[in-house]
Amino acid sequence: MRDSLTKEKTTCYHCGEDCDSQPIWHDERSFCCFGCQTVFELLSEKDLCEYYSFENNPGNQLRHFTRDKYLFLEEDEVVSHLLDFQSDTLSKITFNIPSIHCSSCIWLLENIRRFDEGIIHSKINFSKKRLHVDFNPSKTTLRKVVELLYQLSYEPEISLHNSGEQSVSSNKNKYLKIGIAGFCFGNIMLLAFPDYLGIEMDSEFISYFTYISLLLSLPVLFYCSSEFYLSALGGLKKGLLNIDLPIAIGITALFGRSLYEILSQSGGGYLDSLAALVFFLLIGRWVQDRTYEGLSFDRNFKSYFPLAVQKIIGLAKKSTLVSRLEVNDLIEVRNDEIIPCDAILMSKMALLDYSFVSGESSPVQITEGDKIFAGGRVKGAAVQMRVIKAVSQSYLTQLWNHASFDEAVANPSPSLIDKISTYFTPIVLLIAVIAGLYWMVVDSSKVLFVISSVLIVACPCALALAAPFTLSTTMNVLGKHKMYLKGTPVIEKLWDIRKIVFDKTGTITAGSKENIIWQGDTLNEQEQSYLSALANQSIHPLSQQLAAHLNHGVSCQISEFNEIRGSGIQGKTGDVYTMIGSPKFTDQPISDIDGSVLSVKIDGVYKGYYLIKNNYRNGLKSMIDQLTNRYHLAVLSGDNNNEEKNLGQYFPNDTPMSFNQSPEEKLHMIQQYESKERTMMIGDGLNDAGALKSCHLGVSITENMSSFTPASDVILMGDQLINLPRFLTLVRKSKSIILAGFVVSFLYNIIGLSLAVAGYITPVIAAILMPLSSISVVLLSTLGVKYLSYKYLSFK
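Residues numbered from 1 in each chain as written. Predicted model: local features only at pLDDT ≥ 70, side-chain atom pairs only at ≥ 80, totals over all residues. Heavy atoms only, no water.

Participant: Can you walk me through the overall build of the protein in this structure?
Facilitator: Per the secondary structure count, the protein includes 26 helices and 28 strands. Per-residue burial over the protein gives 51% buried out of 796 residues. Considering only contacts in the protein between residues 6 or more positions apart, those separated by 24 or more positions represent 66%. For the protein, the computed accessible surface area is about 37900 Å², with 54% contributed by carbon and sulfur atoms. (Helix = DSSP H or I, 4+ residues; strand = E, 2+ residues; numbered from the N terminus. Buried < 20%, exposed > 50% of the residue type's maximum accessible area, 1.4 Å probe, protein only. Contact = heavy atoms within 4.5 Å. Areas by Shrake-Rupley, 256 points an atom, 1.4 Å probe, with all protein chains shown as cover.)

Below, the structure is given as structure tokens:
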């Protein structure tokens, strides 16, 4: 009997559960069920047993399912509805997976390609519990991918009603915990009233009330406070001491001391304090979550990324925000514009570039009636399409933030927060031990309260929240003023900028149809309609300016359209071949012209050129003067140097200016600047795409919200360029807000720990103060940035 009692329990090698009296042995390892054994065999077969090094009890058990459970995923209509993108060799889909909970989950799900050779790539968004999967449909199917996830205990939530924007699981469990903790807290206090009021009662009643309180405390301990224990244990398994560990120790200490006093009949314990502590901790976290949700920048991409597209209403075209598009709307997308939503092609033919989505640079040709996926870019003549799926701007912005458009950063250094968090909990535990030893000598009755208060009042959360909330709020404010940032890391990049390089055409100049003069043979109505139709195909600033100038009512169909970056555009209307571009593009050299030139060739005959006089933006001189005080400036232009004298009136005399620059030459110049100091390039995002991508930070200037380039870090509306100094000032000042948040957090912890060690704070008060510290830093961050925006951006 003694041997059986002392015999070690046999635990499952896979999930860590007790195998009871009948473990299943395989490969000298014990398993609690055939499910765990099968998952181990799958991992072992694919050489994935390093999975078990992430934590002792990963807890992913194989789940058996009916083979027909996901039969509906073989229907083409269903698959097409669920996929984010689909081609012969690539399909993309996003799953919501509520069961993701730890680092081993992340590791396993990001390595599922080793279970199925058809899976190309998988990526976890841990905070939203979403899994992004790319797979080759010629090697596997959506059904097989989903069944694999199900077998590994990561069953995805699949909704056919709103597949693109499914919500993660609700907070019902959290509300239930708060409700139970509040119920138990209230009743335990009610039972303790005689003790509070000093009312003498029969000892049997007191004992009866005490044991009822003990029973009421059990759900508080084992259910309501379970998230603190699970989080603490999860951290210990990975060798981490997280902030929930001191809280779990404090709760355990209160319950243990209470249980001892009740069973030994030496006192009534502290069950009322225990219930109050857990209740207020849960309330505090709920308030934190609600505060974060209310202030979270990531909640709605529409608020800062307002793409627009040409919507066709009858015979008219109207620029419309993509967020207002509805199913069955007819839209037109021009050369180099991004397709904002899934649609059906209505034009005869289209050439699409899906490199933005799939990374493949080869254009895909589709015909009338084919499906088009959001994120593609039109190449060639403008095409019409009918919307079949609501716009998902979060998906477009996810593409904008795709790793292929970011620079790889080798071995990034740990942040200040990471360094502080590493030592925070051990220091708090040490302070609690020292304080406990001190009060054991001075007044042993206060030991438990002091230790619990120290463990609970300390909170590093405010440190971790100062930076993200400040950066997110700054990004949101800039978005409201038409400066759209790719992400919060862009703000940190802006802190490093020392040089600003400007493109000329479409950047510091503003288009105006009144500044266009025709020089050459007289053009008849038909020829003007050819030029108008051709210019309308391009979103280049000069093309749009010419199209607005011609404003020809007759619409002509363009075929064989081609746009050559930095040179010009060409296409056929019927049998007539038309060319618009630089003098070199039309083989007609023109020199000593004051302004930009658009040379015209119709059906092989040179007709003349449009002279577009440079119209510099109002307020340019003031903007340049303000920037000169802090940054080095430079100008790059594809035009001739006739404008150098005029530019000298706006820029300092020592400003380097380079003219007649091709896109490749601009790229080379930016690389030279970047090798010396952190450089920001501001250009139109079309001819300057290479230069924008190669510099430390690229800003794309646009006059209409349909011009979107993934090469840029920032999209700035042209009419807001003159406010750039104010935007940069706000960004610089935001760093001070972050530092202020750090100071507040440090002061809170120093003062809070001092009062707790001195015995002036009870555990209940500590539980109330802890979330307030985080909320105060969040409010400081958001309100601080709001104040800065009022101070520096108070303009119409």
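Participant: Which parts of the structure should I look at to understand helix α15 (residues 447–457)?
Facilitator: Spacing of three or four residues puts side chains on the same side of an α-helix, whose turn is 3.6 residues. For α15, the tally of buried residues reaches nine of 11 residues, placing the bulk of the element in the interior. For α15, every residue scored as buried is listed here: V447, L448, V450, S452, S453, V454, L455, I456 and V457.

Participant: Explain the nonpolar core here, please?
Facilitator: A general tendency of soluble globular proteins is for nonpolar side chains to be buried together. Judged by nonpolar contacts, the single largest core of 48 residues is most densely connected at I500, F502, L627, F651, M680, I682 and L724. Per element, the largest residue contribution to this core is eight residues, and it comes from helix α25 (residues 724–757). Those residues within four positions of I500 in sequence are excluded, and the remaining contacts are L627, Y631, H632, L633, A634, M680, I682 and L728. Grouped together as the second largest cluster of nonpolar side chains are 45 residues, L221, C224, F279 and A432 included. (Core = buried A, V, L, I, M, F, W, Y, C linked by side-chain atoms within 4.5 Å.)

Participant: What exactly am I supposed to notice about the sheet that holds strand β14 (residues 377–379) here?
Facilitator: Sheet strands associate in pairs through backbone hydrogen bonding, adopting either a parallel or an antiparallel arrangement. With antiparallel pairing, three strands are arranged side by side in an open sheet as β12-β11-β14. Each edge of the open sheet is held by one strand with a lone partner, namely β12 (364–367) and β14. Ignoring which end each strand starts from, the neighbouring axes of this sheet average 45° apart. Here strand β11 (residues 349–353) runs beside β12; their pairing, made up of four bridges, is antiparallel. The residue of β12 that forms the bridge with L351 is Q365. (Pairing = 2+ DSSP bridges. Axes fitted to C-alpha atoms, helices over the stretch in contact; angles between N-to-C directions.)

Participant: Help me understand the pairing of strand β8 (residues 316–321), please; the structure alone is not making it clear to me.
Facilitator: Taken residue by residue, a regular strand's side chains alternate between the two faces of the sheet. By the bridge criterion, six bridges tie strand β7 (residues 308–313) to β8 in an arrangement that is antiparallel. When the sheet's bridge partners are listed, V309 is paired in β8 with T320. Counted between consecutive antiparallel strands, the loop separating β7 from β8 contains two residues, among which G314 sits at a positive phi close to 65°.

Participant: I keep staring at helix α19 (residues 525–535) and nothing clicks. Help me out?
Facilitator: Most of α19 sits inside the fold, with eight of its 11 residues counted as buried. Listed as buried for α19 are E527, S529, Y530, L531, S532, A533, L534 and A535. Its buried side turned inward, α19 meets α20 (541–550), β19 (559–564), β20 (568–573), β21 (576–581), β22 (596–602) and β23 (605–612). You can read the cap of α19 off the contacts: a side-chain oxygen lies 3.1 Å from the backbone nitrogen of Q526, and it is on N524. (Polar contact = N/O pair within 3.5 Å; in protein donor to acceptor, adjacent residues only side chain to side chain.)

Participant: Help me understand the packing of aromatic side chains, please; the structure alone is not making it clear to me.
Facilitator: The description of an aromatic ring pair rests on the distance of the ring centres and on the angle between the ring planes. Under the defined criterion, the tally for this structure stands at nine aromatic pairs. On the basis of an interplanar angle of 65° and a centroid distance of 6.1 Å, the ring pair of F185 and F280 is categorised as edge-to-face. Taken as a pair, F185 in helix α6 (residues 172–191) and F280 in helix α11 (residues 271–295) lie far apart in primary sequence, 95 residues in all. Considering the side-chain rings of Y208 and F209, the 6.1 Å spacing of their centres and the 45° angle between planes classify their relative orientation as tilted. Every member of this aromatic cluster is reached through a ring pair, and the members are F185, F279 and F280. Sitting over the ring of Y223, K177 keeps its end group 5.6 Å from the ring centre. Sitting over the ring of Y673, K499 keeps its end group 4.8 Å from the ring centre. (Phe/Tyr/Trp six-rings, centres within 6.5 Å; stacked < 30°, edge-to-face > 60°. Lys NZ or Arg CZ within 6 Å of the ring centre and 35° of its normal.)

Participant: When you look at a positive patch on the surface in this model, what are you seeing that I'm missing?
Facilitator: Together, R498, R630, K733, K735 and K791 make up a positively charged patch on the protein surface. With respect to the helices and strands, K735 occurs in helix α25. Given the relative accessible area of 42%, K735 is considered partly exposed. (Patch = residues over 30% accessible without salt bridge, like charges linked within 9 Å, V, L, I, M, F, W, Y side chains within 5 Å. Salt bridge = Lys/Arg side-chain N within 4 Å of Asp/Glu carboxyl O. Lys, Arg positive; Asp, Glu negative; His and termini not counted. Charge placed at Lys NZ, Arg CZ, Asp CG, Glu CD.)

Participant: Any chance you could explain the confidence of the model for the protein here in plain terms?
Facilitator: Looking at the protein, the pLDDT average stands at 77 and 76% of residues meet or exceed 70. Long-range and interchain partners of residues 162–170, a stretch whose pLDDT sits below 50, account for 17 contacts in this model, where long-range means more than four residues apart. Residue range residues 295–306 is modelled with pLDDT below 50. Its contacts to residues more than four positions away, or to other chains, number 33 contacts. (pLDDT = per-residue confidence, 0-100.)

Participant: Would you mind going over the state of the cysteines with me for this structure?
Facilitator: In protein structure, a disulfide is the covalent linkage between the sulfur atoms of two cysteines. What the rule picks out here adds up to zero disulfides. The structure places no disulfide on C224, whose sulfur is separated from the nearest cysteine sulfur, that of C184, by 6.2 Å. Since its relative accessible area comes to 0%, C224 is described here as buried. (Disulfide = S-S within 2.5 Å.)

Participant: Would you take a moment to explain the pairing of β11 for this structure?
Facilitator: Pairing geometry for β11 and β14, over three bridges, is antiparallel. From the neighbouring strand, L352 faces β14, where its bridge partner is V378.

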